[in-house]
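# Observations on the three-dimensional arrangement
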Amino acid sequence: MSKNEKTTKNTNTKKNDSMQSAFTGIGTFFKENKKLDVMIGFGILALALILIGVLGLGEPVVPVCLIIILEAGIAVMLHNAELWVHGVAVILQIAAGVCIQRIALMILCVVLYVLAIGALQLGSRLDK
């Protein structure tokens with residue numbers, strides 16, 4: 001092996017070691033911050049529901065985003081409530097969708113509401 005090949009091999013080994021330590025650091029960060037993982041996952045799902053509402057259902061962007069934000073806010077306020085309160089909230093959302101003739105959009109909002117409640121409950125359990 002020539003001196004140039006040895007230098008290249010040492011340089012590649014150093015790069016691989018630094019990459020591995022960077023990924024280990026990121027992995028450790030996410031292992032220690034499981035609540036952050038839950039919130040990132042919820043954010044990705046909320047973005048997916050916005051895209052479904054806008055692109056799939058053909059709804060305007062601003063009302064879809066506003067309704068999604070309101071649903072997340074309602075979920076935050078009610079996540080420690082009893083189960084029957086969540087049932088009433090879901091029924092009211094579907095009834096509102098029937099009244100405004102946007103039942104598919106409101107079903108998406110119900111899905112987001114349920115996911116938000118689940119994410120908040122999981123996040124509170126991870127704190128313990």
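Residues numbered from 1 in each chain as written. Predicted model: local features only at pLDDT ≥ 70, side-chain atom pairs only at ≥ 80, totals over all residues. Heavy atoms only, no water.

### Topic: the packing of helix H2 (residues 34–56) against helix H3 (residues 61–78)
Keep this limit in mind: Lines fitted to C-alpha atoms define the axes, with helix axes restricted to the stretch in contact, and inter-axis angles between N-to-C directions lie between 0 and 180 degrees. In this description a helix means any DSSP run of H or I spanning at least four residues, a strand means any run of E spanning at least two, and both kinds are numbered starting from the N terminus. In this scheme the handedness of a crossing depends on how the near helix is turned from the far one: anticlockwise by less than a right angle means left-handed, clockwise means right-handed. Any two residues whose heavy atoms approach within 4.5 Å at even a single point are treated as in contact. Three classes are used, and their members are as follows: Ala, Val, Leu, Ile, Met, Phe, Trp, Tyr, Cys and Pro are nonpolar, Asp, Glu, Lys and Arg are charged, and the others, Gly among them, are polar.
Where H2 meets H3, the axes come as close as 9 Å, and the angle between the chain directions of the two elements is 145°. Where H2 crosses over H3, the handedness of that crossing is right-handed. Seen from H2, the contacting residues are Phe-42, Ala-46, Leu-49, Ile-50, Gly-53 and Val-54; seen from H3, they are Val-61, Val-64, Cys-65, Ile-68 and Ala-72. Each residue belonging to the contact of H2 with H3 can be placed in one class, and the counts come to 10 nonpolar, 1 polar and no charged.

### Regarding a nonpolar patch on the surface
Operational definition: By definition, no residue in a patch forms a salt bridge, and every one has over 30% relative accessible area; like charges are joined within 9 Å, nonpolar side chains (Val, Leu, Ile, Met, Phe, Trp, Tyr) within 5 Å. Accessible surface is estimated by sampling points in the Shrake-Rupley manner with a 1.4 Å probe; for residues, cover comes only from the protein chains shown. Each salt bridge in this description consists of a side-chain nitrogen of Lys or Arg and a carboxyl oxygen of Asp or Glu lying within 4 Å of one another. To sort residues, take the accessible area from a 1.4 Å probe on protein chains only and compare it with the maximum for the residue type: under 20% means buried, over 50% means exposed, and anything in between is partly exposed.
Together, Leu-45, Ile-94, Val-98, Ile-103, Ile-107, Val-111 and Leu-115 line one region of the surface with nonpolar side chains, adding up to about 530 Å² of accessible area. Taken together, the elements giving at least two residues each to the nonpolar patch come down to helix H4 (83–99) and helix H5 (103–127). With 4 residues, H5 is the largest single contributor of residues to the nonpolar patch. In this structure, Leu-115 sits in helix H5. Classification of Leu-115 by relative accessible area gives partly exposed; the value is 32%.

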